[in-house]
Structures are given as structure tokens and as C-alpha cells.
Amino acid sequence: MIKLGVNIDHVATVRQARRADEPDPVWAAIEAELGGADNITFHLREDRRHIQDRDAAVLRSTVATKLNMEMAIAPEIVKIAMELKPDQCTLVPERREEVTTEGGLNVSKLRKKLAPVVKRLKAAGIAVSAFIEPDADQISASADCGFDAVEIWTGGYAHARSPEDIETAVVRLIDAVDHGIDAGLVVHAGHGLTYRNVEPVAAIAGFCEFNIGHSICSRAMFVGMREAVREMKSLLLRAEQRSIVDDFAPAPSTRRAAE
């Protein structure tokens, strides 16, 4: 069954706009779980622009589902992760000038730096995922570095506008899922997914988890976090009942039968 991870960073973004104590991202996480979230995702950035150290600590002691910590490989952040011991760490690229994480981690280029971090985290009992673009070389490099999973960047699909570009992006995602499974990796997806565009991607057999933040937090402003999560999860489960293989794959041989 497809699982939904809810990223609560943007709740903290609203709080930090006033350096106040509300809205509390921990409260949002609990509401998300009550709405059916299968995991809670947060990104502890080096600049602490949204999630703070206090949030990370309280989330660890409060969240009942899987806790997924997005992080760069900066020594300070790795040390915190080793102490915090979330269920999973997702290694992501991080640039101060970006609004949010754009594009995937270049595992091929950084494998010598990444492999020791992956080994340390796994030795601490933490599952480790790489946030990467739907590229065969990046997927192979992730497997070589010892990652347990990859989260495929879906921004290329989310930003596509023409039918041709959307089709091309979906085919890339299908190929990436196949390559990831063949490499022995668990395959997740995320970035730019909304209530309007999530179903075609969620219908790709092989994706087992979607991490979605901004769209759910935006919807929650009007209907509440529980209902926003319920609505998104309903879309994922509906999409799971169908397949887009015949619509987008160039030939049936390029895609497994729906698992």
C-alpha cells in the first residue's frame, strides 16, 4: 500500500516569520498522524530557517509513525542525527540561497563524502535515503554508497506544462523506479506534488512512499491538517488502483506488471 509522508517544515516557516511559539510543527505532526499520515518528515537546515533543534527533539519523542529527517552532510547536522536517531535520514543538497530544496543530490560526484556518512548512520540503526533526480547513474551510485532507499525528485514532472513534457517526465520516473528496484533500493518520491497533479505519479507501480509538504500545509489552512492529510491519502489510494503503463511506457517490456 502506498504510504504518505507529511513534511511539516512550512508550519515552522509560518512560526519563524514572527519568531513566535505558534503554529507548532509538533502539533501539526500529531494532527497529520491522526489524519492518516504514515510518516512525518522534517528538514533540519544548517541555517535553521524553519525547523529548530527543539522541534527535532520533541518530534523524536512524540511522533508515533516513522520519523524521517532530511539533512545535509554537514558535521554538525550528522552529529545531531546520530544523537536523535530518527527512523530514517534522507540526505539532500542544501544551498542557503534556495527557497526550498531544488534538484537532487549529486551522489555520483559526492560518493566519497557520502559513503562514510551513510555507513555511520546505518551503524546507528538509522535507515538512509538519498534525494536524487530520476537518473540511472545517480540511482546506481546510491546503491553503491550503501543507501537503503532513494527518494526520486518529481520536480521535473511537477514543473512540466505541455502534454509532451509531462509525458517525458513520467517516462523518466517510470524508468527510475525500475532502475531503483533492480538496484535493490526502496523507491520513494517527492517535490512539487499537489492535489492536482499527484495521481498520475502515484499510479506508477513501484513507488511505495510519497513525501508531500507545501500542498498539504496550504490545504490545511482551510480545512485543517487532519482533513488535508485524509484528502491527499485518498488520492494516493485511488491512484494505486490503476496503472499508467499503457499511456506512457514505450513498450510493455519496460515496465513490470503492477506489483
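Note that the coordinates shown come from a computational prediction; the quantities given were computed from them, not determined experimentally. (Residues numbered from 1 in each chain as written. Predicted model: local features only at pLDDT ≥ 70, side-chain atom pairs only at ≥ 80, totals over all residues. Heavy atoms only, no water.)

(A) Summary view of the pairing of strand β2 (residues 39–43). Most of β2 sits out of view: five of its five residues are buried. Burial of the side chains of β2 extends over both faces: Asn-39, Thr-41 and His-43 are buried on one face and Ile-40 and Phe-42 on the other. In this structure, strand β1 (residues 3–7) lies alongside β2, joined through three bridges in parallel fashion. Within the sheet, the bridge partner assigned to Gly-5 lies in β2 and is Asn-39. When β2 meets strand β3 (residues 66–71), the two strands line up parallel, connected through five bridges. In the sheet register, Asn-39 faces β3, and the bridge partner there is Lys-66. A crossover links β2 with its parallel partner β3, the connecting element being helix α3 (residues 53–62), and its sense is right-handed. (Buried < 20%, exposed > 50% of the residue type's maximum accessible area, 1.4 Å probe, protein only. Helix = DSSP H or I, 4+ residues; strand = E, 2+ residues; numbered from the N terminus. Pairing = 2+ DSSP bridges. Right-handed = clockwise from strand over helix to strand, strands pointing away.)

(B) Fine view of helix α4 (residues 75–84). Among the residues making up α4, those that are buried are Ile-77, Val-78, Ile-80, Ala-81, Met-82 and Leu-84. Residues of α4 that are buried sit in contact with β2, α3, β3, β4 (88–91) and α5 (107–123). One or two steps after α4, the chain reaches Lys-85, where phi turns positive at roughly 55 degrees. (Contact = heavy atoms within 4.5 Å.)

(C) The arrangement of the nonpolar core in detail. Counting residues in each nonpolar core, the largest one holds 76 residues, and the members touching the most others are Phe-42, Met-69, Leu-91, Phe-207, Phe-210 and Ile-216. With seven residues, the top contributor of residues to this core is helix α11 (residues 225–240). Excluding anything up to four places from it in sequence, Leu-91 contacts Met-71, Ile-73, Leu-105, Leu-114, Val-117, Val-118, Leu-121, Val-128, Ser-129, Ala-130, Phe-131 and Phe-147. (Core = buried A, V, L, I, M, F, W, Y, C linked by side-chain atoms within 4.5 Å.)

(D) The pattern of salt bridges, seen in detail. Scanning the entire structure with this criterion turns up 16 salt bridges. The salt bridge partner of Asp-144 is Arg-111, with a shortest N-O separation of 3.6 Å. With Asp-144 in helix α6 (residues 136–145) and Arg-111 in helix α5, the pair connects residues that are 33 residues apart, well separated along the chain. Note on Asp-144: relative accessible area 58%, which makes it exposed. Classification of Arg-111 as partly exposed rests on a relative accessible area of 33%. Between Glu-227 and Arg-230 there is a salt bridge, with the nearest N and O atoms lying 3.5 Å from each other. Linking Glu-227 with Arg-230, this pair stays in helix α11, spanning three residues, or about one helical turn. A relative accessible area of 31% places Glu-227 in the partly exposed class. Its relative accessible area of 41% is what places Arg-230 among the partly exposed residues. Residues participating in the shared-partner salt-bridge network are Arg-15, Asp-24, Arg-54 and Asp-55. (Salt bridge = Lys/Arg side-chain N within 4 Å of Asp/Glu carboxyl O.)

From the geometry alone we can't say anything about function, so treat these as descriptive.
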